[in-house]
Amino acid sequence: MGAKKVALITGITGQDGSYLAEFLLDQGYEVIGMLRRSSTVNFERIAHIQDLVTLVPGDLLDEASMIGILREFKPQEVYNLAAQSFVQTSWGQPVLTGETTALGVTRVLDAIRMTDMDIKFYQASSSEMFGKVLEVPQRENTPFYPRSPYGVAKVYGHWITVNYRESYNLHASSGILFNHESPRRGLEFVTRKITHGVAQIHHGLAKSISLGNLDAKRDWGFAADYVRAMWLMLQQDKPGDYVVATGETHSVKELCEIAFDHVGLDMNKYVHVDEKYLRPAEVDLLVGDPSRAEKVLGWKRETDFETLVRMMVDADVKLLKQ
């Protein structure tokens, strides 16, 4: 058995970072997680594996910090999952979103170019790049039309990855991930807001949930399935871009119905639509075509929509019980 493979994950304390770290540990990797030195770092999602990974301070705003990490730990794979990742926040903090979500990618790629051109790089691209969709379903070559500063920043991150791949011959791949959820999803995201709200109502801790557009449709999958696709991309001989999605679409209303039904409640009695949650520019119909990922990577999702929603409700009911 040779030396362990080393992987660096930026954004390790996020939903995807935590699942990816678990997955890579299971594959026998040594996992390095980059953390911002901020007072609010939340270790909740990685508490159970914190002793198994090495956490190092670094920041997407500071290229020198990344060069230092690459030199010290010599990873073979780098997964860039760090970003200002919430669409709504990107309207309030458009410049910061650009600095981290767009230029941050360039800094990581540049650090790789300067330290070790053999490093394989994964960029977390997003279905929000399609925004006002120009075709349904969306594929790798569907034109982008982002509808938020976050989506715009992700388009930059995506194209800079393509440019570094083609200009410097880097093994740099982008996963165009559609919405992916889990019990570890942040409370500001609509899926988790709903499942947590259902759990609160179930336990008598709340009387209702306020939501925005109930007709918005999304392609929702399970985060743990999606991090497997990230890893598969870096195991290929050639880098490339892949849509990772379920290929089905469900409305926010459907999500509510499944979640409330699961605890025996009628959603119509508890859900209120509130204007303040409507976005300045709404994304209408995001649904991905994952056939390239399925064919080339041999990737398949294992968790269907209803199972995902019920799993999240169960986790929140249990969380609030404690």
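Above this text sits the structure in question.
Residues numbered from 1 in each chain as written. Predicted model: local features only at pLDDT ≥ 70, side-chain atom pairs only at ≥ 80, totals over all residues. Heavy atoms only, no water.

Visitor: I'm lost on the nonpolar core in this one. Help?
Guide: Proteins that are soluble and globular tend to have nonpolar side chains buried together. Ranked by size, the top nonpolar core spans 36 residues in total, and within it Leu24, Tyr79 and Tyr122 carry the most contacts. The residues contacting Tyr79, other than those within four sequence positions of it, are Ala7, Leu8, Ile9, Thr10, Leu20, Leu24, Tyr122, Met230, Trp231, Leu234 and Gln235. In terms of nonpolar packing, the next biggest core, distinct from the first, is built from 24 residues, Leu8, Ile32, Ala82 and Leu109 among them. (Core = buried A, V, L, I, M, F, W, Y, C linked by side-chain atoms within 4.5 Å. Buried < 20%, exposed > 50% of the residue type's maximum accessible area, 1.4 Å probe, protein only. Contact = heavy atoms within 4.5 Å.)

Visitor: Is there a simple way to think about the packing of helix α1 (residues 15-26) against helix α7 (residues 223-234) in this case?
Guide: In helix packing, the relevant descriptors are the interaxial angle and the interaxial distance, both defined with respect to the helix axes. At a closest axis distance of 9 Å, the pairing of α1 and α7 adopts a crossing angle of 65°. When the axes of α1 and α7 are compared, the crossing they make is right-handed. Mapping the contact onto sequence places Gln15, Asp16, Tyr19, Leu20, Phe23 and Leu24 in α1 and Ala223, Ala224, Val227, Arg228, Met230 and Trp231 in α7. Taken together, the residues that form the contact of α1 with α7 break down as 9 nonpolar, 1 polar and 2 charged. (Axes fitted to C-alpha atoms, helices over the stretch in contact; angles between N-to-C directions. Helix = DSSP H or I, 4+ residues; strand = E, 2+ residues; numbered from the N terminus. Left-handed = near helix turned anticlockwise from the far one by under 90°. Nonpolar A, V, L, I, M, F, W, Y, C, P; charged D, E, K, R; others polar.)

Visitor: Before we go on, may I ask you to explain the pairing of strand β11 (residues 241-244) in this structure?
Guide: The side chains of a regular strand alternate between the sheet's two faces. The alternating pattern of β11 places Asp241 and Val243 and Tyr242 and Val244 on opposite faces, both of which are buried. Where strand β6 (residues 171-177) meets β11, 4 bridges bridge the pair, whose relative direction is parallel. Bridging across to β11, Leu177 finds its partner in Val244. (Pairing = 2+ DSSP bridges.)

Visitor: Help me understand the sheet that holds β6 in this model?
Guide: Strand pairing in a sheet takes place through backbone hydrogen bonds and is either antiparallel or parallel in direction. Taken together, 7 strands build an open sheet; the order of strands is β3-β2-β1-β4-β5-β6-β11 and the sheet is parallel. The open sheet terminates on both sides in strands that have one partner only, identified here as β3 (54-57) and β11. For this sheet the average axis-to-axis angle between neighbouring strands, irrespective of direction, equals 20°. In terms of strand pairing, strand β5 (residues 120-126) meets β6 through 7 bridges, oriented parallel.

Visitor: So what exactly am I meant to see when it comes to empty space enclosed by the protein here?
Guide: To find the voids left in a structure, one rolls a probe of water-molecule size over its atoms. Here the structure, examined in full by the defined rule, presents 1 cavity of 30 Å³ or more. Approximately 40 Å³ is the volume attributed to the largest cavity. Contributing to the lining of the largest cavity are Leu8, Thr10, Met34, Met66, Ile69, Leu70, Val78 and Val108. The set of elements that each furnish at least two residues to the lining of the largest cavity consists of β1 (6-10) and α2 (63-73). Counting residues per element, the lining of the largest cavity draws most heavily on α2, at 3 residues. Residue composition of the lining of the largest cavity, by class: 7 nonpolar, 1 polar and no charged. (1 Å grid on protein atoms, 1.4 Å probe; cavity = no way out; pocket = protein on both sides within 12 Å on 5 of 7 lines; lining within 4 Å. Points joined across faces, edges and corners; volume = space filled by probe spheres on them.)

Visitor: Help me understand the side chain of Ser127, please; the structure alone is not making it clear to me.
Guide: As for its placement among the helices and strands, Ser127 is situated in the loop between β5 and α5 (149-168). Judged by relative accessible area, which is 2%, Ser127 ranks as buried. For Ser127, the residues in contact, after removing those within four places along its chain, are Ile176, Leu177, Phe178, Asn179 and Leu286.

Visitor: Help me out: how do you make sense of the pairing of β1 in this one?
Guide: Within β1, 5 of the 5 residues are buried, leaving the element largely enclosed by the surrounding structure. Burial of the side chains of β1 extends over both faces: Val6, Leu8 and Thr10 are buried on one face and Ala7 and Ile9 on the other. Pairing of β1 with strand β2 (residues 30-35), which is carried by 5 bridges, proceeds in the parallel orientation. Counterpart to Leu8 in the pairing with β2 is Ile32. Handedness of the β1-α1-β2 crossover: right-handed. Relative to strand β4 (residues 77-80), β1 runs parallel, the two being bridged by 4 bridges. Paired with Ala7 across the two strands is Glu77, which belongs to β4. (Right-handed = clockwise from strand over helix to strand, strands pointing away.)

Visitor: Just to check I follow, could you spell out the packing of aromatic side chains for this structure?
Guide: Describing an aromatic ring pair means giving the distance of the ring centres and the angle of the ring planes. All chains considered together, the criterion is met by 10 aromatic pairs. Taking 5.8 Å as the distance between ring centres and 15° as the angle between the ring planes, the aromatic pair formed by Trp220 and Phe305 counts as stacked. In this pair, Trp220 is assigned in the loop between β9 (217-218) and β10 (221-222) and Phe305 in helix α10 (residues 305-321), connecting sequence segments 85 residues apart. Residue Trp220 is classed as buried on the basis of its relative accessible area of 2%. By relative accessible area, which is 3% here, Phe305 ends up buried. Measuring from centroid to centroid gives 5.5 Å for Tyr226 and Trp299, while their planes differ by 85°, and the two rings are edge-to-face. In this pair, Tyr226 sits in helix α7 while Trp299 sits in the loop between α9 (291-297) and α10, placing the two residues 73 residues apart along the sequence. Taking the relative accessible area as the measure of exposure, Tyr226 reaches 1% and is therefore buried. (Phe/Tyr/Trp six-rings, centres within 6.5 Å; stacked < 30°, edge-to-face > 60°.)

Just distances and angles here, no functional claims.
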